[in-house]
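Remarks on the overall topology
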Amino acid sequence: AAAGPERPQVVSHVQQALSYTVFDCKWVPRSARLLCLGSAARGTGLVQLYELHGARLELLREIEKPKPIKCGTFGATSLQQRYLATGDFDGNLNIWNLEAPEIPVYSVKGHKEIINSIDGVGGLGIGEGAPEIVTGSRDGTVKVWDPRQNNTPVANMEPVQGESKRDCWTVAFGNAYNQEERVVCAGYDNGDIKLFDLKTMSLRWETNIKNGVCSVEFDRKDINMNKLVATSLEGKFHVFDMRTQHPTKGFASVSEKAQKSTIWQVRHLPQNRDVFMTSGGSGSLHLWKYEYPAQRSRKDSEGSEMGVAGSVCLLQNVTLSTQPISSLDWSPDKKGLCVCGAFDQTVRVLIVTKLNKI
């Protein structure tokens, strides 16, 4: 992407070297604080809480736990509580009060193997309905939890009998626009994408993108399904228009080859659902904008409505590291503020400029 006067620039604001492997990083809502989650050299789990002071990060707290922590979310908690839900290498789902992190406020042995991905909805004013957490694991199952119910998931999506279990790499909530509606999207190591409807407890749609699905995210969790981005192992991502589901063809999509290496994560800008960032195995970040087609749906020869995919435009890209950037999170409060964690054991706070011009 050429640098024009109106193009957003991705500026590295602060770099902080870490003494451990960071797997996930998250902004703490309504604050200038961020969390790094990961694995210490001796095989324990670490949560570090930092506060941004101008051009430096101050470590406020370090919490060590028995098992490495793979992923976290604030999505199912209220702004008053700001509890962090985490998934670890042993299959445990824990919810922590960061003010008193010694003992989890909720804990369940959710899976037989590592929890690769976690998402929350129904808290923070994101999405209607119950505060729920979804976990996806190497054991092949996707489970939905309500922290108010002990030990048993409210939904369990697992392979049907005779079907081989696939490693679930990514999960995301969507369609949570009223008390009843809610979906979970899951992506697997064999390229499968499955959309589970939690209202009807059924598989609503599935497709295969031919390559391991590293990350899925709806552009917004709390609206009628609009768009879904899925990223893959071999540098491609797909944007599905989720407004119109054709009875046989499913959802229209456009795919883009961003780079040769894995696209680890996708994150939509909280203040503009048509702008999103992807993070790559080559240590790069790509900033994209989705352009809608003139008409989002048309009738096929049988008279059924089918979606029409738009196009994606690269706004900017930057290489920050020689190692994969494995996690990414936009600040929900300050437009253009972003944090990313890479396998070079560095967390970086970024500022993306000119986002109000696009």
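Predicted, not measured: the structure shown is a model, and the values here were computed from it. (Residues numbered from 1 in each chain as written. Predicted model: local features only at pLDDT ≥ 70, side-chain atom pairs only at ≥ 80, totals over all residues. Heavy atoms only, no water.)

Next up on the list: the overall build of the chain. Within the chain, the secondary structure is distributed over 0 helices and 30 strands. Here the C-alpha atoms of the chain give a radius of gyration of 19 Å, agreeing with the 21 Å that 2.2 N^0.38 yields for 358 residues. Oriented by its inertia axes, the alpha-carbon framework of the chain measures out at about 60 × 55 × 35 Å. Expressed as a percentage of the 358 residues in the chain, the buried residues total 56%. Total accessible area on the chain is roughly 14,800 Å²; 46% of this is exposed by carbon and sulfur atoms. Computed over 42 positive and 39 negative side-chain charges, the separation of the two mean positions in the chain equals 4 Å. (Helix = DSSP H or I, 4+ residues; strand = E, 2+ residues; numbered from the N terminus. Rg over C-alpha atoms; globule rule 2.2 N^0.38 Å. Buried < 20%, exposed > 50% of the residue type's maximum accessible area, 1.4 Å probe, protein only. Areas by Shrake-Rupley, 256 points an atom, 1.4 Å probe, with all protein chains shown as cover. Lys, Arg positive; Asp, Glu negative; His and termini not counted. Charge placed at Lys NZ, Arg CZ, Asp CG, Glu CD.)

With that settled, the discussion passes to the pattern of salt bridges. Summed over all chains, the structure comprises 20 salt bridges. A salt bridge links Asp241 to Arg296; its shortest N-O distance comes to 3.0 Å. Separated by 55 residues along the polypeptide, Asp241 in strand 20 (residues 236–241) and Arg296 in the loop between strand 24 (284–291) and strand 25 (297–299) bring together distant segments of the chain. Judged by its relative accessible area of 0%, Asp241 is buried. When salt bridges that share partners are traced, they join Asp219, Lys227 and Asp274 into one network. (Salt bridge = Lys/Arg side-chain N within 4 Å of Asp/Glu carboxyl O.)

Over the atoms, a rolling probe the size of a water molecule traces out where space has been left empty. Inspection of the entire model under this criterion finds 1 cavity of 30 Å³ or more. Roughly 30 Å³ of volume is contained in the largest cavity. In this structure, the largest cavity is lined by Val47, Ile63, Lys65, Trp96, Leu98 and Pro101. By residue class, the composition of the lining of the largest cavity is 5 nonpolar, no polar and 1 charged. (1 Å grid on protein atoms, 1.4 Å probe; cavity = no way out; pocket = protein on both sides within 12 Å on 5 of 7 lines; lining within 4 Å. Points joined across faces, edges and corners; volume = space filled by probe spheres on them. Nonpolar A, V, L, I, M, F, W, Y, C, P; charged D, E, K, R; others polar.)

Attention now moves to the sheet that holds strand 9 (residues 106–109). Sheet strands pair by backbone hydrogen bonding; their relative direction is either parallel or antiparallel. Pairing is antiparallel across the open sheet formed by 4 strands, whose spatial order is 6-7-8-9. Looking at strand neighbours, the two that pair on one side only are strand 6 (69–73) and strand 9, the edges of this open sheet. Adjacent strand axes in the sheet meet at a mean angle of 20°, parallel and antiparallel pairs treated alike. Alignment of strand 6 against strand 7 (residues 84–88), held across 4 bridges, turns out to be antiparallel. Bridging from a neighbouring strand, Cys71 pairs with Gly87 of strand 7. (Pairing = 2+ DSSP bridges. Axes fitted to C-alpha atoms, helices over the stretch in contact; angles between N-to-C directions.)

With that settled, consider the UniProt feature "repeat: WD" (unreviewed entry) in the chain. Mapped onto this structure's residue numbering, the UniProt feature "repeat: WD" (unreviewed entry) falls at residues 133–155. The span residues 133–155 shows a helical share of 0% and a strand share of 43%, and its end C-alpha atoms are spaced 10 Å apart. (UniProt positions renumbered as here; feature names shortened; annotations may be inferred.)

In terms of burial, strand 2 (residues 21–27) is largely enclosed, as 6 of its 7 residues are buried. Relative to strand 3 (residues 33–39), strand 2 runs antiparallel, the two sharing 6 bridges. Note that in strand 3 the partner of Trp27 across the bridge is Leu34. Hairpin connection between strand 2 and strand 3: a loop of 5 residues separates the two successive antiparallel strands, and Arg30 in this loop has a positive phi of roughly 55°.

What follows is about unusual backbone geometry. Phi at Asn151 takes a positive value of approximately 65°, unusual for a residue other than glycine. With respect to the helices, strands and loops of the structure, Asn151 is situated in the loop between strand 12 (142–145) and strand 13 (155–157). For Asn151, a relative accessible area of 52% translates into the label exposed. Its identity as a non-glycine residue notwithstanding, Met201 has a phi of 50°, on the positive side. On the secondary structure map, Met201 appears in the loop between strand 16 (192–197) and strand 17 (202–208).

Applying the stated rule across the entire model yields 0 disulfides. Here Cys185 is not disulfide-linked; the sulfur of Cys168 is the nearest cysteine sulfur, at 9.3 Å. Cys340 takes part in no disulfide bond, and the closest cysteine sulfur, belonging to Cys338, lies 6.0 Å away. Overall, the relative accessible area of 0% leaves Cys340 in the buried class. (Disulfide = S-S within 2.5 Å.)

In this section: the pairing of strand 23 (residues 272–280). Of all 9 residues making up strand 23, 8 are buried, and the element is well covered by its neighbours. Judged from the 6 bridges that link them, strand 22 (residues 263–269) and strand 23 form a sheet pairing that is antiparallel. In the strand pairing of strand 23, Arg267 is matched with Met277. Strand direction decides the pairing type here: strand 23 and strand 24, joined by 5 bridges, are antiparallel. Pairing of Phe276 across the sheet is with Trp288, part of strand 24. Once strand 23 ends, the chain turns through 3 residues before running back antiparallel as strand 24, passing Gly283 with a positive phi of about 80°.

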